[in-house]
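Descriptive analysis of the structure
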Amino acid sequence: MAEESVRQKTSRAAWICYTAGIFAYIVAVFNRTSFGVAAVPAAERFSASASDIASFTVVQLLVYAGMQIPVGVMIDRYGPRRLVITGTVLMALGQAWLALATALTPALLARVLIGAGDALIFACVLRKVAELFAARLVPHMTQLTGMLGQVGQLMSAIPFAALLGVATWTQSFSVVAAFGVLAAVLTIAFFRGGDKPAGQVQQLRPGDIGRQIASAWRHPGTRLGFWTHFVTPFSVTTFSMLWGYPFMTEGLQFSQQLASFMLTINVAVTLIAAPVMGRLVSRHPLRRSVLVLTCAGLAAGAWTLVLAWPGASPPWTIALLMVLISIGGPGSMVGFDFARTYNPSSRLGTATGIVNVGGFVAALITMFVMGLILDVFEDGHGQYSLGAFKWAFAFQYVMWTVGVVMILRNRNRTRRLLAAEGTVVPPLRSALRRDWDRYRARRTGPDAGSPPPVASSGRNPNDDEPDWQI
């Protein structure tokens, strides 16, 4: 009875700790996405061009991406609790500074603080999950963490967008800063337990860290993960964090309420698509790259519909666009599965950091170049036409082309390495025929199906086999 009581107490403490951590992550996503609905007011407040406004998000994401690998080392050295406290404080300070800023340079420096604070949160919460919960629960809690973080984007798209319409710039961003303060207080009070000794850290000299990064990057499987993360989420990131809201309100003449609703579709799609994508990856590990290419193709097809539509696209096309580009978010997680598959545990953190950089690099390039294109088409009064937005969003095709080419290139290299080890990927048509035979066998009886094809290695190319990780 005493042992059961202790387990229950520990379980309650773990959930309280996790709740504090997930609130900090929700606030981090709120901080990350809040500027996406404030692009137009920001241009007026700072007398800034489109490329200047793009630089706000670019600077924040650049800081975030650049800190991913160092953060992994700092977590091991200092523990997740200290870093989450630091991150929430930095975000609160950055948003308070942004609320008071009236010039471009101080506002950009504020975004640097916000990006640095944001960079510390997600990885730390995942590390705490691994420390607090049983191993069998960690994958489920990781997926839950990613899905709950989308609440932060909802906060930006609906209440914060509405607040900007009725309150001043300073008042609105002071509210965001207050959420950061609340997250810091809750982290100090409740984000504790399960910590490993701070001194238990792998001692790596700067040269060792460089060789670790180089070793991870040299494997084509890591690069396959990088380009997977590069090609899948950048469209929805660019749309939700910066250019989607002004495109809808200024270019398409949507109301603020309708534009905010469109941004919430991303959250709903993520909640539905994430478990489906996880199921597909686990059932068909041989076809992960096919899933990634399908995500990219769906996004490109949706944008083709919107950009080719004569005049302003009707709301249903934008809703469809949001559904299809949002699938890229869960699709980008396949990149981390590539990193896990092709790297030993000793450099898994490094490989994961490399993969995570891919999506942010693509988003940074897209946001900045779109700002430059919009400046070219600017009407002289700080306004941008629907045609200008269409030309700017057309740049995405360049990014998809680069990403798809690099995926195919590194997939071929990875498969050659695996073939040398005796593992050969059967043609896609063979897998489809096998699935059809299984389906027919279930419908008509065991004698109706034909045996699955055999790979050249002599093994059964069954996508359900956990050791077939291609």
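Residues numbered from 1 in each chain as written. Predicted model: local features only at pLDDT ≥ 70, side-chain atom pairs only at ≥ 80, totals over all residues. Heavy atoms only, no water.

**Concerning the overall build of the protein**
What the protein contains, in helices and strands, is 22 helices and zero strands. Accessible surface, the protein: about 20,500 Å² in total, of which carbon and sulfur atoms supply 65%. (Helix = DSSP H or I, 4+ residues; strand = E, 2+ residues; numbered from the N terminus. Areas by Shrake-Rupley, 256 points an atom, 1.4 Å probe, with all protein chains shown as cover.)

**Section: the side chain of N31**
Structurally, N31 is set in helix α1 (residues 2-33). For N31, a relative accessible area of 1% translates into the label buried. The contacts of N31, once residues within four sequence positions are left out, are Q60, M91, Q95, R111, I114 and V176. (Buried < 20%, exposed > 50% of the residue type's maximum accessible area, 1.4 Å probe, protein only. Contact = heavy atoms within 4.5 Å.)

**A closer look at helix α2 (residues 39-46)**
Considered for burial, the residues of α2 that qualify are A39, A42 and F46. One side of α2 carries all its buried residues, which in axial view fall inside an arc of 55°. Phi turns positive one or two residues past the end of α2, at S47, with a value near 50°. (Arc of directions from axis to C-beta.)

**Quick notes on the nonpolar core**
Judged by nonpolar contacts, the single largest core of 101 residues is most densely connected at L98, F239, W243, F247, M248 and W303. Here the element with the most residues in this core is helix α19 (residues 348-376); it accounts for eleven residues. In this structure, W243 is in contact with A50, A54, T238, M367, M370, G371, L374, F389 and F393, ignoring residues within four places of it in sequence. Counting residues in hydrophobic clusters, the runner-up holds 24 residues, among them A14, C17, I75 and M141. (Core = buried A, V, L, I, M, F, W, Y, C linked by side-chain atoms within 4.5 Å.)

**Some remarks on the pattern of salt bridges**
Scanning all chains against the criterion turns up one salt bridge. In this structure, R32 and D118 form a salt bridge, with 2.7 Å as the shortest nitrogen-oxygen distance. In this pair, R32 sits in helix α1 while D118 sits in helix α6 (residues 104-119), placing the two residues 86 residues apart along the sequence. With a relative accessible area of 2%, D118 lands in the buried category. (Salt bridge = Lys/Arg side-chain N within 4 Å of Asp/Glu carboxyl O.)

**Brief notes about the packing of aromatic side chains**
Counted by the stated rule, this structure contains 30 aromatic pairs. Seen in terms of ring centroids, W15 and F133 are 5.2 Å apart; in terms of plane orientation they differ by 70°. Their pairing is edge-to-face. One end of the pair, W15, is in helix α1; the other, F133, is in the loop between α7 (121-132) and α8 (138-148), with 118 residues separating them in the sequence. F133 gets classed as buried once you look at its relative accessible area, which sits at 9%. With a centroid separation of 6.3 Å and an interplanar angle of 5°, the aromatic rings of F377 and W391 are classed as stacked. Highlighted residues: F377 in the loop between α19 and α20 (386-393) and W391 in helix α20, separated in sequence by 14 residues. The class for F377 is partly exposed, based on a relative accessible area of 37%. Put simply, the rings of F30, F35, F46, F56, F160, W169, F173 and F179 touch in pairs and so form one group of aromatic residues. (Phe/Tyr/Trp six-rings, centres within 6.5 Å; stacked < 30°, edge-to-face > 60°.)

**Structural notes on the environment of Y397**
By the element assignment, Y397 lies in helix α21 (residues 396-420). A sequence separation of 94 residues divides Y397 from W303, and the C-alpha atoms of the two residues are 9.2 Å apart. Apart from the residues lying within four places of it in its own chain, the contact partners of Y397 are A300, W303, T304 and L307. At 2.7 Å, the side chain of Y397 and the side chain of T304 are in polar contact. (Polar contact = N/O pair within 3.5 Å; in protein donor to acceptor, adjacent residues only side chain to side chain.)

**Structural notes on the environment of Q153**
The residue Q153 is located in helix α9 (residues 150-166) in this model. For the pair formed by Q153 and M241, sequence separation is 88 residues and the distance between their alpha carbons is 9.1 Å. Setting aside residues no more than four positions away along its own chain, Q153 makes contact with V29, T33, S240, L263, N266 and V267.

**Some details on the side chain of T232**
Within the secondary structure, T232 is located in the loop between α12 (220-231) and α13 (234-251). For T232, a relative accessible area of 4% corresponds to the buried category. Of note is the side chain of T232, whose polar atom sits 2.7 Å from the backbone oxygen of T228. Leaving out residues up to four positions away in the same chain, T232 has contacts with V292, C295, G328, G331 and S332.

**Description of the environment of D118**
Between the alpha carbons of D118 and T86 there is a distance of 9.9 Å; along the sequence they are 32 residues apart. Setting aside residues no more than four positions away along its own chain, D118 makes contact with A28, R32, Q60, Y64 and M91.

**Describing the confidence of the model for the protein**
On average, residues of the protein score 81 in pLDDT, and 82% of them reach the 70 mark or higher. Scored below 50 in pLDDT, residues 1-10 makes zero contacts in the model with residues more than four places away or belonging to other chains. Ignoring residues within four places in sequence, the model shows residues 196-201, a span with pLDDT below 50, making six contacts including any to other chains. (pLDDT = per-residue confidence, 0-100.)

**Description of α12**
Over its twelve residues, α12 runs 16 Å from end to end, which matches the ideal 16 Å to within 8%, given 1.5 Å per residue. The element α12 is extensively covered by neighbouring structure, given that twelve of its twelve residues are classed as buried. P220, G221, T222, R223, L224, G225, F226, W227, T228, H229, F230 and V231 are the residues of α12 that are buried. (Expected span 1.5 Å × (residues − 1).)

**Quick word on unusual backbone geometry**
Despite not being glycine, S47 shows a phi value in the positive range, around 50°. The backbone of Q253 shows a phi angle near 60°, a positive value even though the residue is not glycine. Within the secondary structure layout, Q253 lies in the loop between α13 and α14 (256-283). Among the residues examined, Q253 registers a relative accessible area of 60% and is labelled exposed.

**A short note on the packing of α13 against helix α16 (residues 315-326)**
Axis separation between α13 and α16 bottoms out at 11 Å; the angle between their running directions is 160°. What the angle tells us is that α13 and α16 run roughly antiparallel. Crossing angle aside, the handedness with which α13 passes α16 is left-handed. Residues S235, V236, F239, F247 and M248 of α13 touch α16, and the partners they reach there are I318, L321, M322, I325 and S326. In the contact of α13 with α16, the residues fall into eight nonpolar, two polar and no charged. (Axes fitted to C-alpha atoms, helices over the stretch in contact; angles between N-to-C directions. Parallel < 35°, antiparallel > 145°, perpendicular 65-115°, else oblique. Left-handed = near helix turned anticlockwise from the far one by under 90°. Nonpolar A, V, L, I, M, F, W, Y, C, P; charged D, E, K, R; others polar.)

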